[in-house]
Structure formats: structure tokens, C-alpha cells
Amino acid sequence: MSNCLFCTASGPFTKPEHIIPEALGNDNLILRNEVCDKCNQYFGTKVEKFVLGKTPIAFWRTFLGIRTKHGALPHVDLSQPKQEKGRLASVHELHDNLLGFACHEDHTVSVDINDDEMIRGILDGTRTQFTFVFTRLVLSLMGRFLCKIGVELLCLDDRRLARSPAFDKARRFSRFGDGVELWPIFHGNTGTLRDLRRRFVDADGVVEEVLCYQCRVLEVASRYTLLMFTVGTDTWVVSLNDPYPTPVIREAAPDMTLELIWYSEEQVKREEEPNKALDSDKE
Ligand SMILES: [Zn+2]
């Protein structure tokens, strides 16, 4: 009889645990009898739902047209809540709010903008790009999502290793959000949009393949156990046994530039001050 990988409860284990959410197209990377029903439910409702709806991964779901398990095409809404929710910042004034994306049957994607000022800006050419801000809440939940995937991939291969003390922090952070407030995430860009959708002809006619995600766990410099997770052209990397690795981890991805995504109060203030100065000039 095994104990839950995350909370050590002795069960029940009636639900299969999808290492990558089904909403990204995963139907083969599954753990059985390793993650209890309560943890399974928690990850689905508290971590994955947010990441699939409110982060760049949400955008890729729409862009790649990854259907839900009921066959519906995705629609995501990247707007922020009107007010702060909870202890981690969930709102940022520089974020372009009220943005949504919808995928259609003919593979086109439409952007829904529910903001008159932004629409006027786009029409008169003064607005040419949108700002997506990683608030502390987004960073925290992305980190928890990535740590969960990493620890579960390890478990698929070696259930004892995944339960070893080296990964205590990653297991606790992913399930309970404690230990550290944010888990450092590295990000790089891989490939081009053209590589993601591929059409070819076989005996059944024209087939279209969409590359939804790629993931692997690897060891670097005999020290760091990394998860590399790619969705669309975004690659996300976390170090599972030590949240603060040295730059040697960049050896894991020699073909791309891995940048640390981080969030500091000072950085936010620096970004805000020039805007405030502009506002006061107008007055
Ligand atoms: Zn559990």
C-alpha cells in the first residue's frame, strides 16, 4: 500500500492523476495509486484551472486549438480581477485588462477586447502591443504547476526517488504553496509558429498534427534535476531539487537563451514611475 506522493495520506486513490492536464491534450502520461483523490482534486481546481485560463499557457491552448475533453474549442480570458484576491498580488496596473482569445473551427483565432479606449488606440495606430504582466500570483501558480509536473514525471520513472528528501521542497510547494513564496522559473523561446502545426496526406486524407507540449526531466552538472516543459514556442524550466540553481543550468538548453522570470517590488516601482511622471505632465 502506498502513501500519497504529496500529502502522504493512505488514499483513497480512485482517480487517475494526469501529469499534464487533459486540457493540453495529455491522455497517456498518467499516475495511478500515487496521488490521492484529495490532492488530485486540489491540483485540478486550485492550480491547473488558473494556469490553463490565466497565463501564457492559456494563450497557447487557444492558438493551437487544443480541444477540451468534451471536444469544445477553447476560449480564454486573460483579464485580471478588479480587486486583489488573497495574499499574493493578483492585479497589476500595467496589465492590459479585458483581453480574451477564442479559437474557431477554421483554425482562426479572434481576440476579444472589451475596452473602448484600447480599441480606439488600435484603430488609430497608437496601440500596437499588449502588456501581459506576471503578477506574483501568476508566478507562484506557474511555479507550483511546473513543480507538480516535474515531481510526477520523476514518480512515473522512479516512485522512490520522487519521494526522496531532495524533492520535499518541490512537493510541498506544489501542493501547499509554502516553504518559498515563489519558485524561480526560467523561460526561453524555441522554434517558430510554423513548426507547431503540420499538415500532411496519408491514406485517410489530409491530416493535421498540432504539437501541444513537450516535457522531460533531466539532470545537469550532476547537481540539478530540471523539468523542461514546452508549450507553443515557450519553454519553461524549473530546478526541482534546488530552487536557486547556478547559471550552469543553461547547459540544459544550449539552443536557446534561458532567462530568469522574477518579480521584485523595486522593478515594479521603476516601471510605474515613468508612467506616473507622464500622467502628472498632463495635469
Ligand atoms: Zn494527497
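These numbers come from a predicted model, not from an experiment.

Cut-offs applied
- Residues numbered from 1 in each chain as written.
- Predicted model: local features only at pLDDT ≥ 70, side-chain atom pairs only at ≥ 80, totals over all residues.
- Pairing = 2+ DSSP bridges.
- Helix = DSSP H or I, 4+ residues; strand = E, 2+ residues; numbered from the N terminus.
- Axes fitted to C-alpha atoms, helices over the stretch in contact; angles between N-to-C directions.
- Contact = placed C-beta atoms within 7 Å.
- Nonpolar A, V, L, I, M, F, W, Y, C, P; charged D, E, K, R; others polar.
- Core = buried A, V, L, I, M, F, W, Y, C linked by C-beta atoms within 7 Å.
- Buried ≥ 20, exposed ≤ 12 C-beta atoms within 10 Å, placed from the backbone.
- pLDDT = per-residue confidence, 0-100.

Some details on the pairing of strand E4 (residues 99-103)
Right, so step 1: Here strand E3 (residues 75-77) runs beside E4; their pairing, made up of three bridges, is antiparallel. Considered in E4, the bridge of Asp77 is made with Gly100.
Right, so step 2: Sheet topology note: the E4/strand E5 (residues 109-113) ladder contains five bridges and is antiparallel. Its bridge partner lying in E5, Phe101 is registered against Val111.
Right, so step 3: The turn joining E4 and E5, which pair antiparallel and follow one another in sequence, is formed by five residues; a positive phi near 75° is taken by His107.

Description of the packing of helix H1 (residues 37-54) against helix H2 (residues 56-63)
Right, so step 1: Running from amino to carboxyl end, H1 crosses H2 at an angle of 65°, the nearest separation of the two axes being 4 Å. The segment H1 lies against H2, with Val51, Leu52, Gly53 and Lys54 engaging Ile57, Ala58 and Arg61.
Right, so step 2: Within the contact of H1 with H2, the residues separate by chemical class into four nonpolar, one polar and two charged.

Some details on the nonpolar core
Right, so step 1: In terms of nonpolar packing, the biggest core is built from 59 residues, with Leu146, Ile149, Val151, Leu226, Leu227, Val237 and Val238 touching the most fellow members.
Right, so step 2: Considering each element in turn, this core owes the most residues, 13 residues, to helix H4 (residues 136-157).

Describing the confidence of the model for the protein
Right, so step 1: Chain-level pLDDT for the protein is 86 on average; 92% of the residues reach the 70-or-more range.
Right, so step 2: Looking at the elements of the protein, mean pLDDT is at its lowest for helix H8 (residues 265-282), recorded as 50, and at its highest for helix H6 (residues 168-176), recorded as 97.
Right, so step 3: Note that residues 276-283 has pLDDT below 50 and, in this model, zero contacts with residues that lie over four places away or in other chains.

Considerations on the sheet that holds E4
Right, so step 1: Taken together, the three strands give an open sheet; going across it, the order is E3-E4-E5, and neighbouring strands pair in antiparallel fashion. Strands at the two margins of the open sheet, each flanked by one partner only, are E3 and E5. Direction aside, the axes of adjacent strands within the sheet are offset by 15° on average.
Right, so step 2: Lying on the sheet, H2 is in contact with E3, E4 and E5; it crosses E3 at an angle near 155°.

Some thoughts on the environment of Val109
Right, so step 1: With respect to the element layout, Val109 can be found in strand E5.
Right, so step 2: When the C-alpha positions of Val109 and Gly65 are compared, they lie 8.4 Å apart, and in sequence the two are 44 residues distant.

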